[in-house]
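Spelled out, the chains give:
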Amino acid sequence: MPEFCDVALPVPLDMAFTYRVPAEATPLVGGRVLVPFRQKRMTGIVVELHDRQPSVATKNILAVLDQTPVFDDQLLRLGRWISDYYLAPIGEVFRTMLPLSAEFKRSIGYRITEAGLMALHLAGMSGSSARSRSTPEQQAAEFRVLDYLAAHQSEPDGAEMVSEQSLRSATRASRSILNGMVRKQWLTREDISAVQDATRTVKIAVLNSAEGRLNDNQRKVIDTMAASGGRVPVATLQSLDVPRTTLNTLVRRGLIAIVEEPADFAVSRAKPRPSPFEFDFNPAQQSALARVREGVESREFTGMLLHGVTGSGKTAVYLASMRAVLDAGRSAILLVPEIGLTPAVAADLHQVFGDEVAILHSALSHKERAEQWHRIKRGEARMVVGTRSAVFAPVADLALIIVDEEHDASYKQEETPRYHARDVAVMRAKMAGAVVVLGSATPSLESYFNATKNKYALVELPDRVRQRPLPEVEIVDMRQEFHETGQEQVISRKLASEIQTRMERREQVMVLLNRRGYSPVVLCRACGKKLECANCAIALTHHKREHKMVCHYCGFMAPVPKACVHCGSEYVYFLGTGSEKLEELLHGLFPQARIARLDRDTVRSHEDFERTLNALNDGELDIVVGTQMIAKGHDIHGVTLVGVVGADVALGLPDFRAAERTFQLLTQVAGRAGRGQSPGKVILQTYFQDHYAVQYAARHDFAGFYEKELRFRSWMHYPPYSALANVLLRSDKLDEALEWSGLLGRWFESTRHEGVRVLGPAAAPILKLKRDYRYHFVLKSPSREKLNTTLRAMLAYAAQQKIPRTQIIVDVDALWLM
């Protein structure tokens, strides 16, 4: 066994750390180890074993956590590529790739010192903490801590440290009290973090006997269990209207036993849609399926862009391709952009593939994600569905990766490592000799451009299944609406009339407004100032139902103002409309309608989303109001009308992708209409009816929009004609942010960067976010290699100037420049 190992740790440093391997340890490359790092314990990934003597003293690894590597050679290579391409620390990349945080419990331990024992002795004699300047309440808390730790130290296992959680629970001492006692040297503190069992279990009550005398409460518990076959989850019994002591009494008497069993996991509670194999594929679907199968059988990398209009049966092609992969004994990954889509797609896959399906997304608990990861790793599930992190699923013999709605911005991670799951999927498929299918009705300009340049094979699905027509789209000019009605309208007369018609026909309606809350701006009519977030340069949004003002960026909350916080005037004006207000207006117009809202405020978990979608599918809802959450991929056959309120909201943003995002959102939400037997219709309300994004979306003309937008991109040297990076400097001190951006600005000016254009420094469009002031540079280059070299040189210079690495955000292939 080599004497040393290099370990990648989840810290913001671009390096691995060398540790000595004890004689009894056998670490593996790609496996996890527990190591000391500064005053902490951390888990890291072994990236190399060697005998090279480091120039500094090394610490021993504390424990080897895996008998087999958690990353094979292919995933290690993929992690290194992500680190190199996105300029992200390798340890943070591996942490993102491995959802096993539930198997490591971070904990701080405390032990009393000799000085602490002396202070306790003196306090016992004098009745207060010795030489303490603390308040009487603090002195009492300190005495409880010292007394508890001294008592623990006298026990047989007293050499062990007491965890902070146990100590604070027993003594009611605050963390600041403990910090002060460490400073006084009465306590020592150490990191005692350790590996823990992440198995999910559930407590089950088992009925042993129903004999004997029972009071009414006990009889109720026994009868409930008998009616359920003698086995009931303890949580169910605790929900009965009986005292909690009732169950404990029955357990003591031996009538009931409590056992722990592995908890069940439901892949999805959404109702599966009709199987895509119940109808014949049309020629375009058959051709697309044949292309995918041919690529899989070749065992060579193949990239495909599946461009199909909304409702063209792309999902059926995905499932048929995955079934062919499973029949061949190989593995496939299906990525979807939103957690909300995952349950529906997972239900489809579970219907077709049964227990061969695993699901991975961030709405699962840490233990659920670890459980699903291990199922995949053991080979129990070869079909994986999930959001962007599912691209790292440890499947064996990968044959196919499908990226559904590949244009969606949620595939780009907005924290380190800032990877794009679509591009990582392409790279992983290259490394595995697999097929990658990028599917969308509105492909990103970059992907479609690559397909026209033959980097991907372009596969078209030009028609909806079963010859269903695309919905008719009608544009309502809201300027004309104001001119004719004399007042600002949220819901136009045309949209209201069409909704009324659908209500009479007992058909369903979707209404999109891509803005949460009740009113997005609160304005004082006296001084003209807005109510802004304390942490961000952003107006607070009024949430009427919750009676509060909320920042949608940092979560800051404030009470709803009765007077202006700046000048005290009572003339406070709530301006604009969000999805909550739109729901209220629709309730007023259609009081008999069953209306639900889908946005981040009403959907707290994937169960909430499933519940609403199931109700919509079952015909229990007439109207669904929502943000972009309702626009993506849902196949609701009863929806015949889609209304879009504020279709042009995004066009006013200072973002070169604003037109593309607007076109994609309008096309996608329009595609929710007319997917069943009845034809669909779309009403687009806009103040910019002549804008090309609105016009091409109304005509379902992707090719026309692509050609026009591409011309603008080529003139301005934006993607796909250039690679782009956004470099952002942030600090909670304005002077510091200005100083750092100035330093880098002068460096860019004085250094030659051939083939790289640098814009900036400039204040970010949102100057202050989460208490940090922000200045940025935008870098463009036709050469990704030159761009990467320039960014590395910039980071090296920043390190020389002592600019903290955590205060520089480098976003390669940035989608969001705000």
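Keep in mind that what you see is a predicted model, and the values were worked out from it rather than measured. (Residues numbered from 1 in each chain as written. Predicted model: local features only at pLDDT ≥ 70, side-chain atom pairs only at ≥ 80, totals over all residues. Heavy atoms only, no water.)

On to the confidence of the model for the protein. A residue-level look at the protein finds 96% of positions with pLDDT of 70 or above and a mean pLDDT of 90. When the elements of the protein are averaged for pLDDT, helix H12 (residues 341-353) gives the smallest value, 75, and helix H14 (residues 421-432) the largest, 98. (pLDDT = per-residue confidence, 0-100. Helix = DSSP H or I, 4+ residues; strand = E, 2+ residues; numbered from the N terminus.)

Across all of its chains, the model carries 19 aromatic pairs by this definition. The interplanar angle of 25 degrees and the centroid separation of 6.0 Å between the aromatic rings of Phe-702 and Tyr-706 together place this pair among those described as stacked. Of the two residues, Phe-702 and Tyr-706 both sit in helix H22 (residues 702-716), four residues apart, roughly one turn of that helix. Each member of the pair, Phe-702 as well as Tyr-706, carries the same accessibility label: buried. Put simply, the rings of Tyr-448, Phe-663, Tyr-692, Phe-702, Phe-705, Tyr-706, Phe-712 and Trp-715 touch in pairs and so form one group of aromatic residues. Between the NZ or CZ atom of Lys-780 and the centre of the ring of Tyr-718, over which it lies, the distance is 3.8 Å. (Phe/Tyr/Trp six-rings, centres within 6.5 Å; stacked < 30°, edge-to-face > 60°. Buried < 20%, exposed > 50% of the residue type's maximum accessible area, 1.4 Å probe, protein only. Lys NZ or Arg CZ within 6 Å of the ring centre and 35° of its normal.)

Strand order in the open sheet formed by five strands is E2-E1-E4-E3-E5, and the pairing between neighbours is antiparallel. Each edge of the open sheet carries a strand with a single partner, namely strand E2 (17-20) and strand E5 (63-64). Inspection of the sheet shows strand E3 (residues 32-37) paired to strand E4 (residues 40-50) by six bridges, in the antiparallel sense. Note on E4: the bridge partner recorded for Val-35 is Met-42. (Pairing = 2+ DSSP bridges.)

Before going further, it helps to examine the environment of Asn-217. Tracing the sequence through the fold places Asn-217 in helix H7 (residues 216-227). Of the residues examined, Asn-217 reaches a relative accessible area of 29% and is grouped as partly exposed. Expressed as a C-alpha distance, the spacing of Asn-217 and Thr-249, which sit 32 residues apart in the sequence, is 11 Å.

Looking now at the packing of H7 against helix H9 (residues 245-252). Two elements in contact, H7 and H9, have axes whose closest approach is 10 Å; the angle formed by their N-to-C orientations is 75 degrees. Between H7 and H9, the interaxial angle falls into the category roughly perpendicular. Contact residues: H7 offers Asn-217, Gln-218, Val-221 and Ile-222, while H9 offers Thr-246, Thr-249 and Leu-250. Counted by class, the contact of H7 with H9 contains three nonpolar, four polar and no charged residues. (Axes fitted to C-alpha atoms, helices over the stretch in contact; angles between N-to-C directions. Parallel < 35°, antiparallel > 145°, perpendicular 65-115°, else oblique. Contact = heavy atoms within 4.5 Å. Nonpolar A, V, L, I, M, F, W, Y, C, P; charged D, E, K, R; others polar.)

In spatial order, the strands read E12-E11-E13; together these three strands make up an open sheet with antiparallel pairing. Edge positions in the sheet fall to strand E12 (231-233) and strand E13 (256-262), since each of these pairs with one other strand and no more. Neighbour-to-neighbour, the strand axes of this sheet turn through a mean angle of 35 degrees, independent of strand direction. Sitting on the sheet, H7 touches strand E11 (201-207), E12 and E13, and the angle it makes with E11 is about 100 degrees.

So, about the nonpolar core. Core analysis: the largest hydrophobic core is formed by 116 residues, its most contacted members being Phe-71, Phe-94, Leu-335, Leu-791, Met-794 and Ile-808. Considering each element in turn, this core owes the most residues, seven residues, to H14. For Met-794, the residues in contact, after removing those within four places along its chain, are Val-727, Leu-744, Trp-747, Phe-748, Ile-808 and Val-810. The next biggest cluster of nonpolar side chains, apart from the first, holds 30 residues, and it includes Met-322, Ala-346, Ile-402 and Val-435. (Core = buried A, V, L, I, M, F, W, Y, C linked by side-chain atoms within 4.5 Å.)

This part takes up the side chain of Asp-191. Turning to its location among the elements, Asp-191 is positioned in strand E9 (residues 187-191). For Asp-191, a relative accessible area of 9% corresponds to the buried category. Within polar-contact distance, the side chain of Asp-191 engages the side chain of Arg-106 at 3.1 Å. Here Ser-193 takes part through its side chain, which lies 2.5 Å from a polar atom of the side chain of Asp-191. Asp-191 has contacts with Gln-39, Lys-40, Arg-41, Arg-106, Ser-107 and Ile-108, leaving out every residue within four places of it along the chain. (Polar contact = N/O pair within 3.5 Å; in protein donor to acceptor, adjacent residues only side chain to side chain.)

Quick look at the packing of helix H23 (residues 734-750) against helix H24 (residues 784-800) now. Contact geometry for H23 and H24: axes closest at 11 Å, N-to-C directions at 130 degrees. Here H23 is positioned oblique relative to H24, judged by the angle of their axes. The interaxial crossing formed by H23 with H24 has right-handed handedness. Contact residues: H23 offers Leu-743, Leu-744, Trp-747 and Phe-748, while H24 offers Thr-790, Ala-793, Met-794, Tyr-797 and Ala-798. Across the contact of H23 with H24, the residue classes tally to eight nonpolar, one polar and no charged. (Left-handed = near helix turned anticlockwise from the far one by under 90°.)

Helix length check: helix H4 (residues 136-153), at 18 residues, gives a terminal C-alpha distance of 26 Å against a target of 26 Å (1.5 Å per residue), a fit within 8%. Of the positions making up H4, those classed as buried are Gln-139, Ala-141, Glu-142, Val-145, Leu-146, Leu-149, Ala-150 and His-152. All buried residues of H4 lie within an arc of 165 degrees about the axis, which places them on one face of the element. The outward face of H4, more than 90 degrees from its buried face, is lined by the exposed residues Pro-136 and Glu-137. (Expected span 1.5 Å × (residues − 1). Arc of directions from axis to C-beta.)

Our focus in this paragraph is a nonpolar patch on the surface. Nonpolar side chains collect at one region of the surface, where Tyr-553, Leu-653 and Trp-816 lie side by side and expose about 260 Å² of accessible area between them. Turning to its location among the elements, Trp-816 is positioned in the segment after strand E35 (808-812). (Patch = residues over 30% accessible without salt bridge, like charges linked within 9 Å, V, L, I, M, F, W, Y side chains within 5 Å. Areas by Shrake-Rupley, 256 points an atom, 1.4 Å probe, with all protein chains shown as cover. Salt bridge = Lys/Arg side-chain N within 4 Å of Asp/Glu carboxyl O.)

Let us look at the pairing of strand E22 (residues 508-512). Counting buried positions along E22 gives five out of five residues, so the element sits mostly inside the fold. Across five bridges, E22 lies against strand E30 (residues 639-644) in parallel orientation. Bridge pairing in E30 links Leu-512 to Val-644. As paired strands, E22 and strand E29 (residues 623-626) are joined by four bridges and run parallel to one another. Within E29, the position partnered with Met-510 by the bridge is Val-624.

On to helix H5 (residues 164-171), then. Of all the positions in H5, only Glu-164, Leu-167 and Thr-171 are classed as buried. For H5, the arc enclosing every buried residue in end-on projection is 65 degrees, short of the 170-degree limit, so these residues lie on one face. For H5, the exposed residues set more than 90 degrees away from the buried face come down to Gln-165 and Ser-169. Close packing links the buried residues of H5 with strand E7 (108-112), H4, strand E8 (162-163) and helix H6 (175-183). Arg-172 sits one or two positions beyond H5 and adopts a positive phi of about 60 degrees.

This brings us to unusual backbone geometry. With the exception of glycine, the majority of residues adopt a negative phi angle, and the majority of peptide bonds are in the trans configuration. Cis geometry is adopted by the peptide bond preceding Pro-417, which originates at Thr-416 and carries an omega value of -5 degrees. By secondary structure assignment, the location of Pro-417 is in the loop between strand E18 (398-404) and H14. The peptide bond linking Gly-760 to Pro-761 adopts the cis configuration, its omega dihedral lying at 10 degrees. Along the polypeptide, Pro-761 turns up in strand E33 (residues 757-769). The backbone of Gln-185 shows a phi angle near 65 degrees, a positive value even though the residue is not glycine. At His-717, a residue that is not glycine, the phi angle is positive and equals roughly 60 degrees. Secondary-structure assignment places His-717 in the loop between H22 and strand E32 (723-731).

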